[in-house]
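# Coordinates in review
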Amino acid sequence: MTEIYFYTRPNCSLCEEAKLNLQLVREDIPFTLHEVNIDDSDKLTEEYGLMIPVITHNNHLIQYGQCDYATIRTYLEKHS
């Protein structure tokens, strides 16, 4: 099954919106979602701190910041 990593942090409105879009896409295209709080790691905070939310698949950036349903779904249709 496809594995998606979702880098986020608490109290992030863009992250909540992205998570909702991921859940909507998952209703149509099954995948395993790994939610990672970047605040738990200095390395991840340094790498993604200004970009969150960040969605990746196989270390490939799908989308960050404003994450929308269409972009996520289109990517997964091509790569699942």
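Residues numbered from 1 in each chain as written. Predicted model: local features only at pLDDT ≥ 70, side-chain atom pairs only at ≥ 80, totals over all residues. Heavy atoms only, no water.

Here we take up the side chain of Thr8. The topology assignment puts Thr8 in strand β1 (residues 3-8). Note on Thr8: relative accessible area 7%, which makes it buried. Look past the residues within four positions of Thr8 in its chain and what remains in contact with it is Cys15, Glu35, Val36, Asn37, Ile38 and Ile52. (Helix = DSSP H or I, 4+ residues; strand = E, 2+ residues; numbered from the N terminus. Buried < 20%, exposed > 50% of the residue type's maximum accessible area, 1.4 Å probe, protein only. Contact = heavy atoms within 4.5 Å.)

Next up on the list: helix α3 (residues 69-79). Every buried residue belonging to α3 is among Ile72, Tyr75 and Leu76, and all of these are buried. For α3, the angular spread of the buried residues around the axis is 95°, confining them to a single face. Measuring from the backbone nitrogen of Ala70 back to the side-chain oxygen at the start of α3 gives 3.2 Å, which picks out Asp68 as the cap. (Arc of directions from axis to C-beta. Polar contact = N/O pair within 3.5 Å; in protein donor to acceptor, adjacent residues only side chain to side chain.)

With that settled, consider the state of the cysteines. By the definition in use, this model includes one disulfide. For Cys12, the disulfide goes to Cys15, at an S-S distance of 2.4 Å. Taking the torsion about the S-S bond as the criterion, the Cys12 to Cys15 disulfide, at about 75°, is right-handed. Residue class for Cys12 comes out buried when judged on its relative accessible area of 13%. Taking the relative accessible area as the measure of exposure, Cys15 reaches 1% and is therefore buried. Cys67 takes part in no disulfide bond, and the closest cysteine sulfur to it belongs to Cys15, at a distance of 8.2 Å. The exposure class of Cys67 is buried, given its relative accessible area of 3%. (Disulfide = S-S within 2.5 Å.)

Applying the stated rule across the entire model yields two aromatic pairs. Put simply, the rings of Tyr5, Tyr7 and Tyr48 touch in pairs and so form one group of aromatic residues. Across from the ring centre of Phe31, 5.6 Å away, lies the NZ or CZ of Arg26, which sits over that ring. (Phe/Tyr/Trp six-rings, centres within 6.5 Å; stacked < 30°, edge-to-face > 60°. Lys NZ or Arg CZ within 6 Å of the ring centre and 35° of its normal.)

It is worth spelling out the sheet that holds β1 at this point. With respect to topology, four strands assemble into an open sheet ordered β2-β1-β3-β4, the strand pairing being mixed. In the strand order of this sheet, the two ends are held by β2 (32-37) and β4 (60-64), each with one partner. With strand direction ignored, the average angle separating the axes of adjacent strands in the sheet is 25°. With four bridges connecting them, strand β3 (residues 54-57) and β4 associate as antiparallel partners. By the bridge assignment, Thr56 is partnered in β4 with Leu61. Strands in contact with helix α1 (residues 13-28) are β1, β2 and β3; relative to β1, the strand with the most contacts, it is inclined by about 165°. Contacting β1, β3 and β4, α3 runs over the sheet at an angle of about 160° to β4. (Pairing = 2+ DSSP bridges. Axes fitted to C-alpha atoms, helices over the stretch in contact; angles between N-to-C directions.)

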